[in-house]
Amino acid sequence: MNFKGLGYDLKPISLADDEQHDEEFLKINPLGFVPALKLHDRVLIDSYNIMIYLEENRFGYKLIPEDNDEKIKVREIVLLIVCSIQPIQNTGVLKKLDDYEEWPKFWIAKGFKALEAILSKTAGKYCVGDKITMADVCLVPQVFNARKYKVEVEDYPLIVRIDKELENHPCFSSTHPYKQPDYPGNKTN
Ligand SMILES: N[C@@H](CCC(=O)N[C@@H](CS)C(=O)NCC(=O)O)C(=O)O
């Protein structure tokens, strides 16, 4: 949303308190997953769907390149992260397995190994070439999660280099998890 220059009101849902399963929230997303985006005329669920909707329906910076080869690569990286890494290490899955260490570490590392190989062919300054794309938007939170689960991220030098490149960009730095209003210690009420 920052890339599109869109303002928004944030309604934090506490996963620690299981608020994603509250009746009110299940009316928004029957699957009980964050995020969800409420617009004046519709509610959107699933990050990928939200990103594609904004890309196709809002002005602002384009996160999907025009060039066909680049577009395919961006989509490949986005889907690798949002389908083949993130869901396997989602909080709900870890809770069921009662394994917050080895399982997420294994799957993120497996995904990062593949991602590093792909990036060796696609990366410039960022994941695909020298412009920020949707691939970078997906990379940053996944690297945050990798560190949270103590993955040896230094084993993936391109991923680390690109993540570092992005960390001070205002669209990313302003949305860092530690800056969220519901991050412990940030609450104003
Ligand atoms: N495919 C969904 C996955 C969303 C997802 O995994 N959300 C996690 C937090 S990052 C969640 O709400 N977990 C709550 C739970 O598993 O109960 C998306 O990308 O929006």
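Some points on the site of the ligand
Taken together, Leu 15, Gln 20, His 21, Phe 33, Val 34, Pro 35, Asp 46, Ser 47, Gln 86, Asn 90 and Gly 92 make up the full set of residues near the ligand. Val 34 places a main-chain nitrogen or oxygen 2.8 Å from a nitrogen atom of the ligand. Interatomic distance of 2.9 Å between a side-chain N/O atom of Gln 86 and an oxygen atom of the ligand. Protein chains shield 82% of the accessible area of the ligand, which is 510 Å² for the free molecule. Within the shell around the ligand, the residues separate by chemical class into 4 nonpolar, 6 polar and 1 charged. A domain-level breakdown of the shell around the ligand finds at least three residues from each of domain 1 (1-61) and domain 2 (68-173).

A word on the nonpolar core
Membership of the largest hydrophobic core comes to 37 residues, with the highest contact counts inside it found for Ile 77, Phe 112, Leu 115, Cys 127, Leu 139 and Ile 159. Ranked by residue count, the leading element in this core is helix H6 (residues 134-148), at 7 residues. Here this core spans two domains, and each of domain 1 (1-61) and domain 2 (68-173) adds at least three residues to it. The contact partners of Leu 139, leaving out residues within four places of it in the chain, are Ile 81, Leu 115, Cys 127, Ile 159, Ile 162 and Asp 163. Judged by nonpolar contacts, the second largest core, of 6 residues, contains Leu 44, Ile 50, Tyr 53 and Leu 54.

As for the side chain of Thr 133
Note that Thr 133 resides in the loop between helix H5 (102-122) and H6. Judged by its relative accessible area of 3%, Thr 133 is buried. Thr 133 has contacts with Leu 63, Pro 65, Val 74 and Val 128, leaving out every residue within four places of it along the chain.

Brief notes about helix H3 (residues 68-84)
In this model, H3 (17 residues) spans 23 Å end to end at C-alpha, consistent with the 24 Å of a helix rising 1.5 Å per residue. On the buried face of H3, the contacting elements are helix H2 (47-57), H5 and H6. The opening residue of H3 is Asp 67, an N-cap whose side-chain oxygen sits 3.1 Å from the backbone nitrogen of Asp 69.

Overview of the packing of aromatic side chains
Each aromatic ring pair is described using two quantities: the centre-to-centre distance and the angle formed by the ring planes. All told, the structure shown has 7 aromatic pairs when counted by the stated rule. For the pair Phe 3 and Tyr 61, a centre-to-centre distance of 5.4 Å together with 35° between the ring planes defines the contact as tilted. On the criterion of sequence distance, the pair formed by Phe 3 in the segment before helix H1 (23-28) and Tyr 61 in the loop between H2 and H3 is long-range, its members being 58 residues apart. The exposure class assigned to Phe 3 is buried, which follows from its relative accessible area of 14%. Relative to Trp 107, the ring of Phe 106 lies with its centre 5.0 Å away and its plane at 90°, an arrangement referred to as edge-to-face. The partly exposed category is assigned to Trp 107, whose relative accessible area is 24%. Members of the aromatic cluster, connected to one another through ring pairs, are Phe 3, Tyr 61 and Phe 172.

Remarks on the packing of H3 against H5
One can describe the packing of H3 onto H5 by two numbers: an axis separation of 11 Å at closest approach and a directional angle of 170°. One finds that H3 runs roughly antiparallel with respect to H5. Taking contact as the criterion, the partners of Lys 73, Glu 76, Ile 77, Leu 80 and Ile 81 in H3 are, on H5, Gly 111, Ala 114, Leu 115, Ile 118, Leu 119 and Thr 122. A breakdown of the residues in the contact of H3 with H5 according to their chemical character gives 7 nonpolar, 2 polar and 2 charged.

Notes on the environment of Ile 85
Structurally, Ile 85 is set in the loop between H3 and helix H4 (91-97). Of the residues examined, Ile 85 reaches a relative accessible area of 0% and is grouped as buried. As a C-alpha pair, Ile 85 and Pro 104 span 19 residues in sequence and 8.9 Å in three-dimensional space. Contacts of Ile 85, omitting those with residues within four sequence positions, involve Leu 80, Trp 107, Ile 108, Gly 111, Phe 112 and Gln 142.

About the thresholds
Residues numbered from 1 in each chain as written. Predicted model: local features only at pLDDT ≥ 70, side-chain atom pairs only at ≥ 80, totals over all residues. Heavy atoms only, no water. Near = heavy atom within 4 Å. Polar contact = N/O pair within 3.5 Å; in protein donor to acceptor, adjacent residues only side chain to side chain. Areas by Shrake-Rupley, 256 points an atom, 1.4 Å probe, with all protein chains shown as cover. Nonpolar A, V, L, I, M, F, W, Y, C, P; charged D, E, K, R; others polar. Domains from an automatic or database assignment. Core = buried A, V, L, I, M, F, W, Y, C linked by side-chain atoms within 4.5 Å. Buried < 20%, exposed > 50% of the residue type's maximum accessible area, 1.4 Å probe, protein only. Helix = DSSP H or I, 4+ residues; strand = E, 2+ residues; numbered from the N terminus. Contact = heavy atoms within 4.5 Å. Expected span 1.5 Å × (residues − 1). Phe/Tyr/Trp six-rings, centres within 6.5 Å; stacked < 30°, edge-to-face > 60°. Axes fitted to C-alpha atoms, helices over the stretch in contact; angles between N-to-C directions. Parallel < 35°, antiparallel > 145°, perpendicular 65-115°, else oblique.

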